[in-house]
Amino acid sequence: MRGISENLTIGERVAWYRRRRGMSQEALAGLVGRTSDWLGKAENNRIELDRLSVIRSLADALDVALGDLIGESTLLDWTPDSGTATVPALRAALMDYRQLTPILSAPTSDAEPPAIDELARELRSVFDAYQGSRFGYAAGRAPLLLADALLAARQYEGDDRLRAHELLALSYQAAASVLTKIGEADLAWMAAERGLAAAQQSENYAITGSLFRSVAFALLSTGRHEPAMSLTESAAAYLQPHLNGGDADVISSYGTLLLAGSMAAARAEDRATTRGYLAEADEAAQRLGVDGNHLWTAFGPTNVAIHRVNTAMELGDVQIALDIGPELDTAALPVERRVRHMLDVARAFHVSGRHDAAVATVLNAERMAPDQVRHHYLSRQLVITWVRNTHGKPGFELHQLARRMHVVG
């Protein structure tokens, strides 16, 4: 499907899979609690399918992956930054049976583990690349980082062993972050789960909390909203006793966990829980007092505000997103966070009929992070829709953007 339908809208993908399943519009509409008239309009692009909760319900009814409907494609082209071994190498690293348990591994007594400081620098370079939207570099380095971190965790003893497990946990989290970004949600879940196991061996509350957040986000990315919310509740209870010490890492892990939970609740259309998580995250952000980046969380008051925009769009509250989003100063945050916010603002402009503002926002975002914008499902869906709905030839800037995104010839 992905190889022959790169330029289809979400509605057209729904129609393609529905016909392939031999389902009538009436049957599919009934399964998702809608009318056949609504489905017909959605399939013919007269209704925008821009809420993931709705798209997920259609994917479940059609028995396909969420990514098949939203058309998430591999984010990475080969560049000097990425090399020619990116996603396949990362997948191979995670699928290596020797990572499942040390008893299956070949003896490593002759292998020299990397120095802890060197491993920490390597981890920092991968996370910094991810937050700078240099996903090719991050994906290319992550397999090597995982191999080094595993070796260190198995060979060091005492305090160095605990520190090695911290770095191993965060290495898995970095891998999960990259995999989520490029649409490999199931592999991201695997990486996050392994990272959580390593974090628990580190005896570090903040890092364990950070990996709980990573698992919650991986569940969210695979459409498992209820399990993500349940995990958020349990993990928050685990972290709460450790908040009183004022440790910025713990507070940041706690806050970003609640932000992941707010997105899961919004996609489950649970408004009360969404508001509760955001309020609790805001309290944590006020306790932190600044926009920080502890454990690469980018957590602080601004990230909470960004998630108010994100969740508003998921819940269909476009005016709330427009009241907050366009004027929000995100300059203190990493590029990846800033650009993701800009895409939601563009989406809000689009839904409210402010076409020029929407296009300008996407173009500004592309200037900051070309790869992120050109491959993210939100920007791709927006540009496809704009090109399809233009009477005559699209304007020059939109046409060039569509060409760069490979959604026109």
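Structure shown above.
Summarised in this report is the structure supplied together with it. (Residues numbered from 1 in each chain as written. Predicted model: local features only at pLDDT ≥ 70, side-chain atom pairs only at ≥ 80, totals over all residues. Heavy atoms only, no water.)

1. Re the packing of aromatic side chains
Applying the stated criterion across every chain, the model contains five aromatic pairs. Aromatic pair W16 and Y17: ring centres 5.1 Å apart, planes at 85°, arrangement edge-to-face. One aromatic cluster is present, built from ring pairs that chain together Y205, F212 and Y238. Note that R34 overlies the ring of W38, its terminal NZ or CZ placed 4.6 Å from the centroid. (Phe/Tyr/Trp six-rings, centres within 6.5 Å; stacked < 30°, edge-to-face > 60°. Lys NZ or Arg CZ within 6 Å of the ring centre and 35° of its normal.)

2. Remarks on the nonpolar core
Counting 76 residues, the largest nonpolar core has L170 and L179 as the members making the most contacts within it. Considering each element in turn, this core owes the most residues, 11 residues, to helix α9 (residues 158-181). A domain-level breakdown of this core finds at least three residues from each of domain 2 (75-203) and domain 3 (207-332). Excluding residues within four positions of it along the chain, L179 makes contact with L90, L94, E184, A185, L187, A188 and A191. With 53 residues, the next largest nonpolar core counts Y17, L52, A348 and L363 among its residues. (Core = buried A, V, L, I, M, F, W, Y, C linked by side-chain atoms within 4.5 Å. Buried < 20%, exposed > 50% of the residue type's maximum accessible area, 1.4 Å probe, protein only. Helix = DSSP H or I, 4+ residues; strand = E, 2+ residues; numbered from the N terminus. Domains from an automatic or database assignment. Contact = heavy atoms within 4.5 Å.)

3. Considering helix α11 (residues 205-221)
If you check α11, its first and last C-alpha atoms are 24 Å apart, about what 17 residues at 1.5 Å a residue would give, namely 24 Å. Burial within α11 is extensive, with 15 of its 17 residues counted as buried. A side-chain oxygen of the first residue of α11 lies 3.0 Å from the backbone nitrogen of A206; this N-cap is N204. A positive backbone phi angle near 85° is found at G223, which sits one or two residues after α11. (Expected span 1.5 Å × (residues − 1). Polar contact = N/O pair within 3.5 Å; in protein donor to acceptor, adjacent residues only side chain to side chain.)

4. Examining the packing of helix α15 (residues 301-314) against helix α17 (residues 335-351)
Describing two packed helices takes the angle between their axes plus the distance from one axis to the other. Closest axis-to-axis distance for the α15/α17 pair is 10 Å, and the angle between their directions is 35°. Regarding α15 and α17, the two cross each other, and that crossing is left-handed. In contact with N303, I306, H307, V309, N310, M313 and E314 of α15, α17 contributes R337, R340, H341, D344, R347, A348 and V351. Tallied by class, the residues present in the contact of α15 with α17 amount to five nonpolar, four polar and five charged. (Axes fitted to C-alpha atoms, helices over the stretch in contact; angles between N-to-C directions. Left-handed = near helix turned anticlockwise from the far one by under 90°. Nonpolar A, V, L, I, M, F, W, Y, C, P; charged D, E, K, R; others polar.)

5. With respect to the pattern of salt bridges
Evaluated as defined, the whole model comprises 16 salt bridges. Between E269 and R51 there is a salt bridge, with its nearest N and O atoms 3.5 Å apart. Taken together, the residues span a long stretch of sequence, with E269 in the loop between α13 (248-267) and α14 (271-288) and R51 in the loop between α3 (36-43) and α4 (52-62) at a distance of 218 residues. For R340, the salt bridge is made with D344, and the minimal N-O distance between the two is 2.8 Å. (Salt bridge = Lys/Arg side-chain N within 4 Å of Asp/Glu carboxyl O.)

6. Focus on the side chain of T311
The residue T311 is located in helix α15 in this model. We classify T311 as buried; its relative accessible area is 3%. Non-local contacts of T311, meaning those with residues more than four positions away in its chain, are made with S262, M263, A266, T274 and L278.

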